[in-house]
Amino acid sequence: MNALFAAHSGLRFLVLLAGLVAAVFFAVGLARKQPATRTVRVMGAVFSGLLDLQVLLGLILVAMGRYYPALIGHIVMMLLAVAVVHILLVKNRKRPQPGYALPLVAVVLGLALIAGGILAIRPSLFFMTHL
């Protein structure tokens, strides 16, 4: 179970990095008013796929008994992040002319929900609570 927890802990950095890279890519594409290319789908898929894997590992950890009450907020925020990202990316894909705006909103909202989920279990990462 320690290896699974280490994988869950380490994967978060890839999720955050993929989200930041995707957000910058989408923002630049939107600012330049470029037509959306296949890369928009790929960037969204990489971010959502890593996020899905992260949530799956977390749910497996909970199923294996690694649970404490503060995880409720964490789990809810992470599931909301997955739902928002998937819904908005699918909505964009089904549009006659996919663009950069919905993927950008999906990634930014997803990252905000992820930050909220992290705060649910580790508020000291963002705030100086020991003063």
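Bear in mind the structure is a predicted one, so any value in this text is a computation, not a measurement. (Residues numbered from 1 in each chain as written. Predicted model: local features only at pLDDT ≥ 70, side-chain atom pairs only at ≥ 80, totals over all residues. Heavy atoms only, no water.)

Trainee: Please explain the packing of helix α3 (residues 71-94) against helix α4 (residues 101-121) as it appears in this structure.
Mentor: Packed helix pairs are characterised by how far apart their axes lie and by the angle those axes make with each other. With their axes 8 Å apart at the nearest point, α3 and α4 run at an angle of 175° to one another. Taken together, α3 and α4 sit at an angle that is classed as roughly antiparallel. Split by residue class, the contact of α3 with α4 holds 19 nonpolar, six polar and one charged. (Axes fitted to C-alpha atoms, helices over the stretch in contact; angles between N-to-C directions. Helix = DSSP H or I, 4+ residues; strand = E, 2+ residues; numbered from the N terminus. Parallel < 35°, antiparallel > 145°, perpendicular 65-115°, else oblique. Nonpolar A, V, L, I, M, F, W, Y, C, P; charged D, E, K, R; others polar.)

Trainee: Any chance you could explain a nonpolar patch on the surface here in plain terms?
Mentor: On the surface, a cluster of nonpolar side chains totalling about 440 Å² of accessible area is made up of Met1, Leu53, Leu56, Ile60 and Met64. Tracing the backbone shows Leu56 in helix α2 (residues 38-63). (Patch = residues over 30% accessible without salt bridge, like charges linked within 9 Å, V, L, I, M, F, W, Y side chains within 5 Å. Areas by Shrake-Rupley, 256 points an atom, 1.4 Å probe, with all protein chains shown as cover. Salt bridge = Lys/Arg side-chain N within 4 Å of Asp/Glu carboxyl O.)

Trainee: Mind showing me how you'd approach a positive patch on the surface here?
Mentor: A cluster of like positive charges, contributed by Arg38, Arg41, Arg93 and Lys94, occupies part of the molecular surface. For the positive patch, the elements supplying multiple residues, two or more each, are α2 and α3. Examined against the element boundaries, Arg93 turns out to sit in helix α3. (Lys, Arg positive; Asp, Glu negative; His and termini not counted. Charge placed at Lys NZ, Arg CZ, Asp CG, Glu CD.)

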